[in-house]
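In case you want the letters, here they are:
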Amino acid sequence: MLLPWELLILLSLKECLAENARHGPVFTQEPSDSIFPMSSGDKLVFINCGAKGNPPPHYRWNVDGRDIDTDSDLNYSLVEGNLLISNPHFINHGGVYQCIATNAFGTIVSRKARVRFAFLQNFSRKPRNTVLVREGQAVVLLCGPPPHYGEIKYSWVFNGQSSFLQQDARRFISQRTGNLYIAKVEASDAGNYTCAVRNMMTNATVFSSPTPVVVRRDVMGEYEPKIEVHFPDTLHVSKGSSVKLECFALGNPVPSISWRRADGNPLPGKIKINHSTGDLEIPYFRPEDAGVYECVAENSRGRNVARGQLVFQNVEHLHWTQTLKDAYMAIGANLQWECKAAGKPRPTYRWLKNSQPLTAMGRVHVEAGRLTISKITLSDSGMYQCVAENEYGSVYASAELKVVASPPDFTQRPVKTSTVVQRGGESVLECRPNASPKASISWWRGGNLLKDSERQTTMEDGTLHITNISKSDEGRYTCVARNHFGVSSSSGTLVVKEPTRITIPPLSSDATVGQSLVLPCEVSSDSSLNPVFKWFFSGKAIDFSRQEHFEMIGGGFTGDLMVRNIQLRHSGKYVCMVHTEVDTVSAAADLIVRGPPSAPEVPAVADVTDTTVQLSWGSGPDNHSPITVYMVQARTPFSIGWQNVRTVPDSVPGQMMHATVTDLNPWVEYEFRVVAVNSVGVGEPSTPSKQIRTKAAAPKVAPVNVSGGGGARGELVITWEEQQAGEEFGYVVALRPLGSSTWFQTVLASPDASTYIYRNDSTAPLSQFEVTVGVYNSMGEGPFSRVVTVLSAEEEPSEAPQRVWARAVSASEIEVYWDPIPPSSGSEKIIAYERWRPHEEVEENEHCKKKITPTNMRLIILSRCVSLSAHLVAPSQPPAGIEWLLTNSKILLRWEHVKAMENESEVMGYKVVYRQKWHGRTAVLETNKTNVELQIPAGEDYLIEIKALSEGGDGATSGHIRIPKMSSKFQRLCSTRD
């Protein structure tokens with residue numbers, strides 16, 4: 001049924017949602033429970049209330065359900081929304097107050113606030129009766145406080161003294177009644193007693209008339225305790241509150257007071273007990289504090305017990321868990337609001353409309369916190385409130401209902417001006433005018449009404465849905481909306497484009513680490529469209545500005561992806577996505593990147609003997625190229641870096657993950673690692689194994705490089721290369737003069753020995769000796785080296801060079817000339833000349849001055865004229881960072897440059913000395929680079945050492961580097977790769 005036009009208020013939804021929209025009142029401040037002290041200086045009391053609204057609300061108040069007329073009652077006035085009480089009276093103006101705010105859209109009421117006034121009236125001036133009591137008897141003096149409100153504290157004054165009476169085990173003042181209890185009267189208790197009452201809020205104190213106490217001479221005998229002051233049998237205590245229990249007994253002798261729990265559990269540690277008066281206080285009450293408590297009064301005549309139960313009361317303050325929201329609804333719609341509050345006890349609900357109770361009738365249904373109004377009308381507009389309440393309080397939730405009635409309007413949401421779709425696709429043309437009630441929708445094209453068909457459907461919400469679109473569907477479409485209050489229309493154009501297709505998609509590919517490739521992506525599309533290309537890798541869009549490996553190339557209808565310097569991490573799925581105004585298409589491809597194998601797992605070492613161990617390991621990722629062979633490497637404290645070792649099988653195939661390592665030296669600490677090889681290259685080595693020591697064995701290898709010579713007169717110097725194999729390792733040196741049949745032997749027990757000096761003053765210079773050196777350890781003796789001939793020391797020259805003279809060549813160089821010493825028939829053999837300069841020289845340049853002390857120089861005579869300059873000592877640091885790579889026909893060596901110290905000669909180059917491990921002649925190669933390539937025969941072990949060259953002589957040696965021979969299978973692998 002339609003409402004009359006004169007009752008309709010046409011509201012625009014735009015106005016409702018605007019920033020300065022008109023709306024009903026909303027409280028910004030509500031009154032709360034208050035206690036005001038009634039002191040002599042306080043003449044005004046404010047009760048706060050404030051609300052916002054457009055138009056601004058006006059206010060009124062009620063107290064105890066009665067409206068306050070601020071015009072007729074001069075004690076009340078309004079200051080904005082606040083209520084001002086002038087000259088309040090504790091009886092007339094105490095009560096429950098409520099603020100009411102109203103504007104053109106409705107009325108709301110605030111929560112109820114109880115207002116009280118703290119006061120304290122005077123005692124009656126009427127004299128009090130005399131109390132007659134026997135000595136030893138108990139007495140109770142009544143206080144009888146005057147009318148009051150607010151927290152009160154009781155005290156007593158004895159005989160008008162300036163200080164209050166002190167409580168002790170014999171005298172007790174109850175803070176519940178104000179009475180004074182004396183457990184056993186003494187003669188000194190005779191006098192006047194005055195009760196003092198203090199209001200803790202107003203700070204006012206009043207005094208009663210004195211109560212005279214007369215103590216009789218006769219003494220009362222002893223008697224058992226009588227508990228005169230005790231707490232209730234049952235007391236409900238809220239969570240977190242503090243509870244104080246009073247207990248006092250009369251008796252002769254004076255009873256003692258103690259506390260306990262009836263269940264036998266100990267008293268909580270937080271409990272406070274006043275041992276002089278017997279009070280018990282439990283702060284911050286918790287569920288575990290609940291139970292039966294007992295007060296025990298005891299003296300020599302007996303005992304008495306008072307019991308009371310403390311019950312935990314779990315009171316939860318009311319609070320909203322679901323509140324109301326303003327509703328802006330079309331006329332004829334159905335309204336449903338629901339509010340929920342939590343609290344203990346469980347709350348009940350009631351509803352208000354414009355401050356008046358809302359009852360269920362007709363279209364209005366109320367069920368607890370749920371309100372339903374069906375087919376709303378304009379008269380349903382207003383302010384609604386849900387009230388949740390229990391015995392401890394109430395909470396209010398407010399919301400406004402605006403019923404909107406308007407003709408269709410496309411101002412805010414017109415039909416889209418132009419909709420572009422692809423041929424063969426589908427289109428959704430929305431028609432969503434603002435209208436109240438909801439408008440009926442029809443679609444028109446070129447003056448023709450569109451009816452639902454197999455391809456065209458008008459949805460319930462007014463949307464036109466067209467499927468399988470063709471070029472013939474292009475054109476202008478108009479949406480017409482109607483309701484009871486008017487008609488409106490809006491139009492838009494449908495444009496059909498050719499669909500986009502990927503003509504050259506990316507293809508799944510394989511690549512090797514370090515290569516580059518292009519993943520193509522080319523499309524065909526409507527010529528009027530501008531396709532946008534995006535590439536995704538492993539589900540994430542590629543940011544070309546932050547990716548050095550990726551670049552998109554092409555333009556127009558091409559968006560290829562260039563991947564440069566491919567790495568293993570680039571394996572994955574690549575998606576080319578092309579977006580146009582009308583559609584989005586994509587194509588995907590997988591890229592597999594092949595690379596050298598990753599590191600195998602840490603090898604495990606087992607079955608250790610003197611020369612062999614068993615190794616096993618787990619394979620690492622092969623990085624898409626099967627592992628063809630494993631190399632086993634080892635290092636010792638005596639080796640330079642990692643070196644390949646011999647294994648059984650000679651070449652470990654990629655499917656085998658165990659091998660026997662052979663040809664190890666006994667009693668040496670080894671670490672092992674494994675390197676995997678595939679068709680792409682050599683992978684990263686595994687983590688080294690735990691260090692192991694091979695078992696001891698009798699030496700099997702004789703010392704090498706046995707030689708000697710030099711020394712002082714009468715000495716035979718013998719040298720060899722150190723060996724090491726087992727405990728108690730040592731050397732046996734045997735020697736004899738050439739032609740003699742008798743060998744002289746000596747034992748050197750040090751494993752570090754590499755030199756032995758035989759001394760015999762009768763030995764002629766440059767005498768020839770046959771020498772051999774053997775080895776032994778705790779397991780037995782080893783072989784001796786081959787016999788070599790070594791010359792004893794020579795003697796000094798007996799003549800000096802003659803006709804020595806020099807000439808200057810430059811500021812730092814001179815040429816020295818002399819005649820050589822002629823050959824003689826003696827044992828002297830001149831091999832070199834030595835030049836001494838005993839004085840210090842100063843070398844100066846434009847930057848600094850530096851003293852140098854030339855060392856004695858030994859010069860090999862190549863001619864009668866030698867160029868001589870002052871040299872520093874040879875470098876003391878050996879080449880470091882030595883790396884080598886072995887192929888079937890050559891060794892590639894590289895090392896770090898040696899930097900000379902301040903007092904050392906500059907490095908001019910390097911000397912590389914190499915030979916076969918156990919025999920063969922030594923070869924020397926000099927270079928001024930930090931790398932060298934040595935051509936060597938395959939299948940042999942080599943020993944190599946590197947020294948720095950300088951004008952001061954050869955620098956420190958790197959020590960021996962052992963290059964093991966390659967297996968035949970690995971030689972074939974390397975040769976195919978070369």
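Please read all numbers here as calculations on a predicted model, not as lab measurements.

Here we look at the overall build of the chain
Scanning the chain for helices and strands turns up 2 helices and 92 strands. Here the chain, with 978 residues, has 42% of them falling under the buried criterion. The long-range fraction of contacts in the chain, counting pairs at least 24 apart against all pairs at least 6 apart in sequence, stands at 64%. Of the accessible surface of the chain, which amounts to about 52,800 Å², a share of 49% is contributed by carbon and sulfur atoms.

Points about the nonpolar core
One finds Leu324, Leu335, Trp337, Trp351, Leu371 and Leu401 to be the most contacted residues of the largest nonpolar core, which totals 22 residues. Listed by contribution, the elements that provide at least two residues to this core are strand S31 (327–330), strand S32 (335–338), strand S37 (370–373), strand S38 (382–390) and strand S39 (393–404). Per-element accounting of this core gives the leading share, 4 residues, to S39. Apart from residues no more than four positions distant in its own chain, Leu324 is found in contact with Trp337, Glu338, Cys339, Trp351, Tyr384, Cys386, Ala397, Ser398 and Ala399. Membership of the second largest hydrophobic core comes to 21 residues, among which are Leu120, Cys143, Ile152 and Val215.

A few points about the side chain of Asn483
Here Asn483 lies in strand S48 (residues 475–483). A residue is classified by how much of its surface remains accessible, and Asn483, at 15% relative accessible area, is buried. Within the local environment of Asn483, its side chain forms a polar contact with the backbone nitrogen of Phe485, the two atoms lying 2.9 Å apart.

Focus: unusual backbone geometry
Here the amide bond leading from Asn54 into Pro55 is cis, since omega sits at 10°, within 30 degrees of zero. Looking at the secondary structure, you find Pro55 in the loop between strand S4 (50–54) and strand S5 (58–63). Note that the residue after Lys344, namely Pro345, is joined by a cis bond; omega there is 0°. Along the polypeptide, Pro345 turns up in the loop between strand S33 (340–344) and strand S34 (348–353). For Asn159, which is not glycine, the phi torsion reads 55° and is therefore positive. Structurally, Asn159 is set in the loop between strand S15 (152–158) and strand S16 (171–173).

Looking at the sheet that holds strand S55 (residues 540–541)
Here 5 strands make up an open sheet; going across it, the order is S51-S59-S58-S54-S55 and the pairing mixed. In this open sheet, the two strands that pair with only one neighbour each are strand S51 (509–512) and S55. As paired strands, strand S54 (residues 532–537) and strand S58 (residues 572–579) are joined by 6 bridges and run antiparallel to one another. Pairing of Trp535 across the sheet is with Cys576, part of S58.

Regarding the packing of aromatic side chains
Evaluation of the coordinates by the stated rule reveals 20 aromatic pairs. The side chain of Arg693 reaches across the aromatic face of Trp667, ending 4.6 Å from its centre.

Remarks on the state of the cysteines
This model, assessed by the stated rule, comprises 6 disulfides. Between Cys49 and Cys99 runs a disulfide, and the two sulfur atoms are separated by 2.1 Å. With the S-S dihedral at roughly -75°, the linkage between Cys49 and Cys99 falls on the left-handed side. Remark: Cys99 occurs in strand S9 (residues 95–103) and Cys49 occurs in the loop between strand S3 (44–47) and S4; sequence separation between them is 50 residues. Per residue, the accessibility class of Cys49 equals that of Cys99, and both read buried. Disulfide partner of Cys431: Cys479, at an S-S distance of 1.7 Å. In this structure, the disulfide formed by Cys431 and Cys479 twists by about -65° around the S-S bond and is classed as left-handed. Pair noted here: Cys431 is in the loop between strand S42 (427–429) and strand S43 (434–436) and Cys479 is in strand S48, with a separation of 48 residues, a long-range link. Of the two residues examined, Cys431 and Cys479, each falls in the buried class.

Rules behind the numbers
Residues numbered from 1 in each chain as written. Predicted model: local features only at pLDDT ≥ 70, side-chain atom pairs only at ≥ 80, totals over all residues. Heavy atoms only, no water. Helix = DSSP H or I, 4+ residues; strand = E, 2+ residues; numbered from the N terminus. Buried < 20%, exposed > 50% of the residue type's maximum accessible area, 1.4 Å probe, protein only. Contact = heavy atoms within 4.5 Å. Areas by Shrake-Rupley, 256 points an atom, 1.4 Å probe, with all protein chains shown as cover. Core = buried A, V, L, I, M, F, W, Y, C linked by side-chain atoms within 4.5 Å. Polar contact = N/O pair within 3.5 Å; in protein donor to acceptor, adjacent residues only side chain to side chain. Pairing = 2+ DSSP bridges. Phe/Tyr/Trp six-rings, centres within 6.5 Å; stacked < 30°, edge-to-face > 60°. Lys NZ or Arg CZ within 6 Å of the ring centre and 35° of its normal. Disulfide = S-S within 2.5 Å.

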